[in-house]
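Summary of structural features
Listed below are the residues making up each chain.
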Amino acid sequence: MWVILGLIAIIATFINLYMYATGKDYKLAMAMGLSFTALTLCAENSLIANWVKVEDWTALLDVVPTMEKSLWILAIISILLNITPILLDCKKKK
């Protein structure tokens, strides 16, 4: 599930940037990109919680250390890309 939500977040982020570049209202796409990023993180957390419930320590040891760093980096990139149009608008107005 987190893969699907992550792909939707990436697509929404690119739609956000495209809409800004073409001069259209990008705020809904920005909200969708950020929302699906949050849902992706929640889905990944649920997956890890299920592994803990079933005591799948091998999966936890294999996946969690790498995914933790990856999710932090991807969340930061998603936030920066989604707020870029707002930052550029603020810069234009000055």
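Further up the page is the structure itself.
Keep in mind that this is a model prediction, so the values were computed, not measured. (Residues numbered from 1 in each chain as written. Predicted model: local features only at pLDDT ≥ 70, side-chain atom pairs only at ≥ 80, totals over all residues. Heavy atoms only, no water.)

In terms of regular secondary structure, the protein is built from three helices and zero strands. Taken over the C-alpha atoms alone, the protein extends approximately 55 × 20 × 15 Å along its principal axes. Of all 94 residues assigned to the protein, the portion counted as buried reaches 27%. Excluding contacts between residues fewer than 6 apart, the proportion of contacts in the protein whose partners are at least 24 apart in sequence is 70%. Split by element, the accessible area of the protein, about 6,600 Å² in all, is 74% carbon and sulfur. (Helix = DSSP H or I, 4+ residues; strand = E, 2+ residues; numbered from the N terminus. Buried < 20%, exposed > 50% of the residue type's maximum accessible area, 1.4 Å probe, protein only. Contact = heavy atoms within 4.5 Å. Areas by Shrake-Rupley, 256 points an atom, 1.4 Å probe, with all protein chains shown as cover.)

All right, on to a nonpolar patch on the surface then. Together, Val3, Leu7, Ile10, Ile11, Phe14 and Ile15 line one region of the surface with nonpolar side chains, adding up to about 570 Å² of accessible area. When you line up the elements, isoleucine 15 lands in helix H1 (residues 2-21). (Patch = residues over 30% accessible without salt bridge, like charges linked within 9 Å, V, L, I, M, F, W, Y side chains within 5 Å. Salt bridge = Lys/Arg side-chain N within 4 Å of Asp/Glu carboxyl O.)

Right, let's get into the side chain of threonine 40. As for its position among the elements, threonine 40 is in helix H2 (residues 27-53). Judged by relative accessible area, threonine 40 falls into the buried class, the value being 10%. Here phenylalanine 36 takes part through its backbone oxygen, which lies 2.7 Å from a polar atom of the side chain of threonine 40. (Polar contact = N/O pair within 3.5 Å; in protein donor to acceptor, adjacent residues only side chain to side chain.)

The next subject is the layout of surface pockets. In this model, the largest pocket occupies a volume close to 400 Å³. Considering the residues around the largest pocket, the lining is formed by 19 residues, among which Gly6, Ala9, Ile10, Leu74 and Ser78 are closest to the centre. For the lining of the largest pocket, the secondary-structure elements that each account for two or more residues are H1, H2 and helix H3 (57-93). A class-by-class count of the residues in the lining of the largest pocket yields 13 nonpolar, six polar and no charged. In this structure, the second largest pocket spans a volume of roughly 170 Å³. Contributing to the lining of the second largest pocket are Leu41, Ile48, Val64, Met67, Glu68, Leu71, Trp72, Ala75 and Ile76. Contributing elements (two or more residues each) for the lining of the second largest pocket: H2 and H3. A per-class count over the lining of the second largest pocket returns eight nonpolar, no polar and one charged. (1 Å grid on protein atoms, 1.4 Å probe; cavity = no way out; pocket = protein on both sides within 12 Å on 5 of 7 lines; lining within 4 Å. Points joined across faces, edges and corners; volume = space filled by probe spheres on them. Nonpolar A, V, L, I, M, F, W, Y, C, P; charged D, E, K, R; others polar.)

Bear in mind that shape data such as this cannot, by itself, settle questions of function.
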